[in-house]
Amino acid sequence: MKNVDNIIPLPNYVRAKKALGQNFLIDKTIALQITDALEMNEDDTVIEVGSGTGALSSLIAPHCKKLYAIETDQDLIKPLSATLSDYSNVEVVNKDILKIDINTLINTKDGYKTVANLPYYITTPVINKFIEQEHLPDVMVFMMQKEVADRILEKEGSRIYGSFTIYVNYRYAASFVAHVPPESFIPSPKVTSTVLKFIKRDKPLVDVPSEEFFFSVVRASFSQRRKKLSNCISSMSSFNISKEDVEKILSDMGLRADIRAESLSIQKFAELAWKLHSI
């Protein structure tokens, strides 16, 4: 039996929309773990993506300077606004986060944090949205499908380690916060969720010749996972390098000629990018 005191009530008239991937968090313990992970102070500006009916918003608002509660579902704006009516520091925004220019919403130069219970189908686009900003969030706390979280936290040598792992970890240090069982939501999803915390690095994890070139190398390397890395790189016309020359570079790096992309750490990818860039 569920602990009633631990349940965040959901208004009776609210119905989850499958088309929007809505699953409303009703577990207060998880909600508190998420807000604690934000490590808020009274000077913080927070962007919450997918505020729903305010389960997280009402816990965030008392502890920050400004909260932007972003919710794309027009039908949820009324209950969300009612939940947050006591807080003068909250602005409810009825827009799709993927269509918002964050720089017109807030002064990103002043620093900000972001938090979200992400619908599974937009998890990667939303993470990319924030990581691609000129001024990155200082802290991000996102709930997502466990499989996506596992990919982000994975190390080289695993079949789920890939370009997205490297892309995220280049700019952020990601850490586990909590696993979230299906019964923590209404309706219950068919999968387990995971909360991750992302802390912006003072500088990127590795030094690269250029970010554009580095990530083009990473994407090319993982473009055909079953193929050898030398085949993936040499098949890209933009690099204009033979398979034999790639194998020579790999040998100089102390790597096998038949190595695959998933075996390279981000540090080795940076080294490879420098060598390819110098040719």
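The model shown is predicted, which means the values in this text are computed figures rather than measured ones. (Residues numbered from 1 in each chain as written. Predicted model: local features only at pLDDT ≥ 70, side-chain atom pairs only at ≥ 80, totals over all residues. Heavy atoms only, no water.)

(A) Quick peek at the side chain of Ser-57. Among the secondary structure elements, Ser-57 is positioned in helix H2 (residues 57–60). Under the relative-accessibility criterion, Ser-57 is labelled buried at 0%. Ignoring anything within four residues of it in the chain, the contact list for Ser-57 reads Glu-48, Ser-51, Leu-67, Ala-69, Leu-80 and Leu-84. (Helix = DSSP H or I, 4+ residues; strand = E, 2+ residues; numbered from the N terminus. Buried < 20%, exposed > 50% of the residue type's maximum accessible area, 1.4 Å probe, protein only. Contact = heavy atoms within 4.5 Å.)

(B) Layout of the packing of aromatic side chains. Counting across every chain of the model gives 10 aromatic pairs. Aromatic side chains Tyr-167 and Phe-215 sit 5.2 Å apart centroid to centroid with 75 degrees between the ring planes, which places their arrangement in the edge-to-face category. Placement of Tyr-167 in helix H7 (residues 163–171) and of Phe-215 in helix H8 (residues 211–221) is noted, with a sequence separation of 48 residues between them. Just as Tyr-167 is buried, Phe-215 falls in that class too. Put simply, the rings of Phe-130, Phe-142, Tyr-172 and Phe-198 touch in pairs and so form one group of aromatic residues. The side chain of Lys-66 reaches across the aromatic face of Tyr-68, ending 5.4 Å from its centre. (Phe/Tyr/Trp six-rings, centres within 6.5 Å; stacked < 30°, edge-to-face > 60°. Lys NZ or Arg CZ within 6 Å of the ring centre and 35° of its normal.)

(C) Seen up close, the pairing of strand S3 (residues 66–70). For S3, the buried fraction is high: 4 of the 5 residues fall into the buried class. Note: strand S2 (residues 45–49) against S3, 5 bridges, orientation parallel. Residue pairing across strands places Thr-45 opposite Lys-66, the latter belonging to S3. Across 4 bridges, S3 lies against strand S4 (residues 90–93) in parallel orientation. Counted as the bridge partner of Tyr-68 is Glu-91 from S4. (Pairing = 2+ DSSP bridges.)

(D) Expanded view of the environment of Pro-182. On the secondary structure map, Pro-182 appears in the loop between strand S7 (172–180) and strand S8 (185–186). Along the backbone, Pro-182 and Gly-50 are 132 residues apart, and their C-alpha atoms lie at a distance of 18 Å. In contact with Pro-182, other than residues within four places in its own chain, are Ser-188, Pro-189, Val-191 and Thr-192.

(E) Here's a closer look at the nonpolar core. Judged by nonpolar contacts, the single largest core of 61 residues is most densely connected at Ile-47, Phe-130, Phe-214 and Phe-269. Beyond its immediate sequence surroundings of up to four residues, Phe-214 is in contact with Ile-166, Tyr-170, Val-206, Val-208, Ile-266, Phe-269, Ala-270 and Ala-273. Membership of the second largest hydrophobic core comes to 27 residues, among which are Ile-30, Ala-61, Met-143 and Val-180. (Core = buried A, V, L, I, M, F, W, Y, C linked by side-chain atoms within 4.5 Å.)

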